[in-house]
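An overview of the molecular structure
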Amino acid sequence: MSAMIDEAIERQEEKQQKKIDFKMVTFSLAGRDYGIDIMKVDGISKIDKYTYVPNTYPFVKGVYNLRGDIISIIDMGKMFHIQQPAQAAKDDSKLENILIIKSCDLKIGVIVDSVDKVLGISRESMQDPPSLFGDINIKYISGVTEVDDRLYIILDTDKIFSEEEEKKAYQTESDEIDEHDSIETMDSQEESASPGINFIIETLNTFSRFHVSPVNRKWVEHRYDQWVEISQKRGQEPQLVDEADANEFLQTFFSRETHQLWSDEYREKMESILPAKMDGPLDVWNPGCGKGFESYSLACLLKRKYPENRIKVWANDSNLLEISMATNIVLQKAQIPAWINNGGFIQDGSGGKVFTKAVKDALYFEFHDIKHKNMVPNMNLIVARDLLSYLEPEGQKKVLDEFHGKLKSNGILVLGENESIEHPGFRAIEAEALSAYVKE
Amino acid sequence: MKTKADFPNINDRQPEGLKDDGNPFRVLIIDDSMFVTKQINQILTSEGFEIVGSANNGESGVEKYKELYPNIDLVTMDITMPKMDGVECLEKIIEFDKDAKVIMISALGKQDLVKKSLLIGAKNYIVKPLDRNKVLERVVTTLKKQ
Amino acid sequence: MRVEYINPFVEAAFSILKEVLGDDLSRGELYLKATSQPILGVTAIVGLAGDVEGRVLIDLTEKTAMKIASAMNGEEMTTLNELAKATITELANMITAQAVTKLSELGFTFDLTPPTIITGEKMEITNYEVEALIVPIETSHGKLEINVALRERN
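All values derive from a computational prediction rather than experimental measurement. (Residues numbered from 1 in each chain as written. Chains lettered and ligands numbered in written order. Predicted model: local features only at pLDDT ≥ 70, side-chain atom pairs only at ≥ 80, totals over all residues. Heavy atoms only, no water.)

**Focus: the overall build of chain C**
For chain C, the count of helices and strands is 3 helices and 8 strands. Secondary structure elements of chain C occur, N-terminal to C-terminal, as α-β-β-β-β-α-α-β-β-β-β. Looking at chain C as a whole, 62% of its 154 residues qualify as buried. Long-range pairs, those at least 24 residues apart, make up 68% of the contacts in chain C between residues at least 6 apart in sequence. (Helix = DSSP H or I, 4+ residues; strand = E, 2+ residues; numbered from the N terminus. Buried < 20%, exposed > 50% of the residue type's maximum accessible area, 1.4 Å probe, protein only. Contact = heavy atoms within 4.5 Å.)

Here it is in structure tokens:
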């Protein structure tokens, strides 16, 4: 199957070499190559001294008189928090390379390391930016393209400058409000109490699609304090500059025993929140099940605890690759905790150990996006660890209401251990290492 | 898809669709798909067969067969059809003429019905998608089985 | 969509299209859509009933439909006439039937209902929101999407 996909990609790549319908001026900045639509570039200039303007944004270096037009000179590196490699202090007399950009009725000079050339490409060859672009906020990138083994990041100047303008406008506005309405600013002050954490909130979303919200806010704040310390020790700013940083920040977020079969210890913890006896068939929903370790663990746990009941675990994930692996999982002996191995849930298969038919029959794996309509029956238990944090706030609310609707009365909801909710229909259960709720 | 260009020149040999006496075999096509009907028609007429009728549901299929009898040599029969399906239609035709030569045309996934049809008295079956060689081979074998 | 159902549909679509078009095909990335509403203009539908119910749609533009029908019939078609429609319907039938065969080998049973076709001007499928799996396939005659929406009868 994947060979087919590869083939398809290759063929697409071949096609892309045809017509040139997009020309861009390329330049380099901090060791990376960028491109800007040639239609947005008014000219290229080398300038020596510009006039410093006080009380403006740190990224505005000053103004310059360009053949009678006064233009702002902007340091794009600063604007996007791109870390410039350490370099010798600039010689004042050295000329700066400036790209003059026309955008949103503005003319702006952008300082770049060097202007490279004009490059013609086909729009088709432009790809969406991968989500792991370290420096520049992804929304300012209209695409990326590769030419002669060099990767060019194509910037959307309209977005960059319109947004900066908006920010300025908004700030002036809120300054005015400041004088008239002190209540509103109280709120907004509280929100922006720690500008560092707000920056992190945005980058977590960009790099890891992690949404900071009341569900995980407590953990994020606590983690941020740790992060500041860690960064200080390393002599760095407490910023998340790339995906690796974001992942490191989130490392301690995930519930224990996430990508593995549950240990005996964790099984006990999970069992402690379940009633001693349950009536009738048991339905369990396990959205965001990934490769299915959690779902198999649940199925075994429930079969062990309630041997008389019919068990069905409805497991789903929107990651096709992972969920495809879940149905035919093959394990090595070392991966299998004793309680599962000795519980009669495992048999020999080709290439390793596999779950017995009885366990597999209790599982129903679906390629499914939880934001779409959920066609599951009413549930006794919902295990959705570390799922809400990856949904947008509206999605979180919708899914949470749906959990509530789908749970039978006294049904139990398990969230990630660093997630918590305030919902009128749920009461928290005291449990070690688990964030669990019962439907009231 | 095979097109007319693929049709062999039939002048240098006896076309498969002709009997020893030089008259064509007469075929009735019962199928609700215009596409399949046309496909079978094209393949068979190019080999000299004569399409003496067609029907797009089981009910009119039975009627057509009775109307044409005994001047009919072969029936191709779709399985899924409105009004009366191919299996029931086959039953009615065999009831009327136990020697009727019926070939079932089936999409994959209907093995059970194909088996059932063979038990009822269908002489052969072809699984879609159809192509010229497959159709001719099955039709010719069926006609030769006396 | 149950994981086990996915591959049979992908493979069936691929092998039937390859067989009837004799074409180089390429497949786009599979994805999920919130509703099973078709979008391209010409849609052939095959219903599935049994333990699992739902439907399989083949969704393509009128232009692509005519080109594919022309290729399958070995003659140039310039309008989406009855024969062209019957051809696309048959295509849907064959793909679904083959997928169902593969599924029955795995122990899942379905029944097919006869296919129907809907074209642009009539395109109003009352649509209860059922998530659909989309399998985009690029042929030399244009793109078509296999749109599969299935659910277990609870």
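**Quick look at the confidence of the model for chain A**
Low pLDDT means the predicted atomic positions in that stretch should not be read closely. For chain A, the mean per-residue pLDDT works out to 81, and 82% of the residues sit at or above 70. Per-residue pLDDT stays below 50 along residues 86-90 of chain A; that stretch engages in 1 contact with residues further than four places along the chain or on separate chains. (pLDDT = per-residue confidence, 0-100.)

**Thoughts on the pairing of strand E3 (residues 42-50) of chain C**
Residues and elements named next belong to chain C. Counting buried positions over the 9 residues of E3 gives 7, a clear majority of the element. Judged from the 7 bridges that link them, E3 and strand E4 (residues 52-60) form a sheet pairing that is antiparallel. Note that in E4 the partner of Leu48 across the bridge is Gly54. Taking the residues that link successive antiparallel strands as the turn, the E3-E4 hairpin has 1 residue. Sheet topology places E3 next to strand E6 (residues 116-119); 4 bridges connect them, and they run antiparallel. Paired with Val42 across the strands is Thr119, a residue of E6. Relative to strand E5 (residues 110-112), E3 runs antiparallel, the two being bridged by 3 bridges. (Pairing = 2+ DSSP bridges.)

**Considerations on empty space enclosed by the protein**
Gaps between atoms show up when a probe of the same size as a water molecule is rolled over them. Using the criterion set out here, one finds 2 cavities of 30 Å³ or more in the structure. Surrounding the largest cavity, 20 residues form its lining, Glu366 and Met375 of chain A together with Met1, Leu150 and Arg151 of chain C being those nearest its centre. Counting residues per element, the ones that place at least two in the lining of the largest cavity are strand E12 (311-317) and strand E15 (363-367) of chain A together with strand E7 (132-139) and strand E8 (142-152) of chain C. In terms of residue count, the dominant contributor to the lining of the largest cavity is E8 of chain C (4 residues). (1 Å grid on protein atoms, 1.4 Å probe; cavity = no way out; pocket = protein on both sides within 12 Å on 5 of 7 lines; lining within 4 Å. Points joined across faces, edges and corners; volume = space filled by probe spheres on them.)

**A word on the interface of chain C and chain A**
Taken together, the contact between chain C and chain A spans 21 residues of the former and 21 residues of the latter. Buried area between chain C and chain A, both sides added, is near 2000 Å², and the carbon and sulfur share of it is 62%. For the pair chain C and chain A, the interface holds 0 salt bridges. Remark: the boundary between chain C and chain A carries 6 residue pairs in polar contact (both at pLDDT 80 or more). Of all elements in the fold, only helix H1 (3-21), strand E1 (26-27), strand E2 (31-33) and E8 of chain C reach the threshold of two or more residues within the side of chain C that touches chain A. (Buried area = accessible area lost by both parts, 1.4 Å probe. Salt bridge = Lys/Arg side-chain N within 4 Å of Asp/Glu carboxyl O. Polar contact = N/O pair within 3.5 Å; in protein donor to acceptor, adjacent residues only side chain to side chain.)

**Quick look at the pattern of salt bridges**
Residues and elements named next belong to chain A. Summed over the entire model, instances satisfying the criterion amount to 33 salt bridges over all chains. Put simply, Arg267 and Asp264 hold a salt bridge, and the shortest N to O gap is 2.7 Å. You can see Arg267 and its partner Asp264 sitting in helix H8 (residues 264-272), 3 residues apart, about one turn around the helix. On the basis of relative accessibility, which here comes to 35%, the residue Asp264 falls in the partly exposed class. Overlapping salt bridges, with partners in common, bring together Asp264, Arg267, Glu271 and Arg304 in one network.

**Things to note about helix H3 (residues 86-96) of chain B**
Taken together, the buried positions of H3 of chain B are Gly86, Val87, Cys89, Leu90, Ile93 and Ile94 of chain B. Taken end-on, H3 of chain B shows its buried residues confined to a sector of 160 degrees, consistent with a single buried face. (Arc of directions from axis to C-beta.)

**Section: the sheet that holds E12 of chain A**
All names here are of chain A. Strands sit in the order E15-E12-E11-E16-E17-E19-E18 across an open sheet of 7 strands; the sheet is mixed. If you trace the sheet from one side to the other, it starts and ends with E15 and strand E18 (426-429), each paired once. Put simply, the sheet's adjacent strands are angled 20 degrees from each other on average, direction ignored. Of the pairings in the sheet, the one linking E18 to strand E19 (residues 435-439) comprises 4 bridges and is antiparallel in character. Bridge pairing in E19 links Ala428 to Tyr437. Contacting strand E11 (282-287), strand E16 (379-384), strand E17 (407-415), E18 and E19, helix H13 (residues 393-406) runs over the sheet at an angle of about 140 degrees to E17. (Axes fitted to C-alpha atoms, helices over the stretch in contact; angles between N-to-C directions.)

**Some remarks on the nonpolar core**
For soluble globular proteins, the rule of thumb is that nonpolar side chains tend to be buried together. Among the nonpolar cores identified, the biggest contains 115 residues, and Phe355 of chain A together with Ile146 of chain C are the most heavily contacted of them. Not counting residues within four places of it along the chain, the set of residues in contact with Ile146 of chain C comprises Ala13, Val56, Leu57, Ile58, Ile95, Leu133, Ile134, Val135 and Ile137 of chain C. Counting 23 residues, the second-largest nonpolar core is a separate cluster that includes Tyr34, Val41, Met79 and Phe161 of chain A. (Core = buried A, V, L, I, M, F, W, Y, C linked by side-chain atoms within 4.5 Å.)

**Things to note about helix H5 (residues 132-144) of chain B**
Residues and elements named next belong to chain B. Here H5 spans 18 Å end to end across 13 residues, near enough to the 18 Å set by a 1.5 Å rise per residue. When H5 is considered as a whole, its buried residues turn out to be Arg132, Val135, Leu136, Val139, Val140, Thr142 and Leu143. Down the axis of H5, the buried side of the element spans an arc of 160 degrees, and every buried residue falls inside it. Across H5 from its buried face, at more than 90 degrees, point the exposed residues Asn133 and Lys144. Taken together, the buried residues of H5 touch helix H1 (34-45), strand E3 (74-78), strand E4 (102-106) and strand E5 (124-127). Structurally, the start of H5 carries an N-cap: the backbone nitrogen of Asn133 is 3.1 Å from a side-chain oxygen of Asp131. (Expected span 1.5 Å × (residues − 1).)

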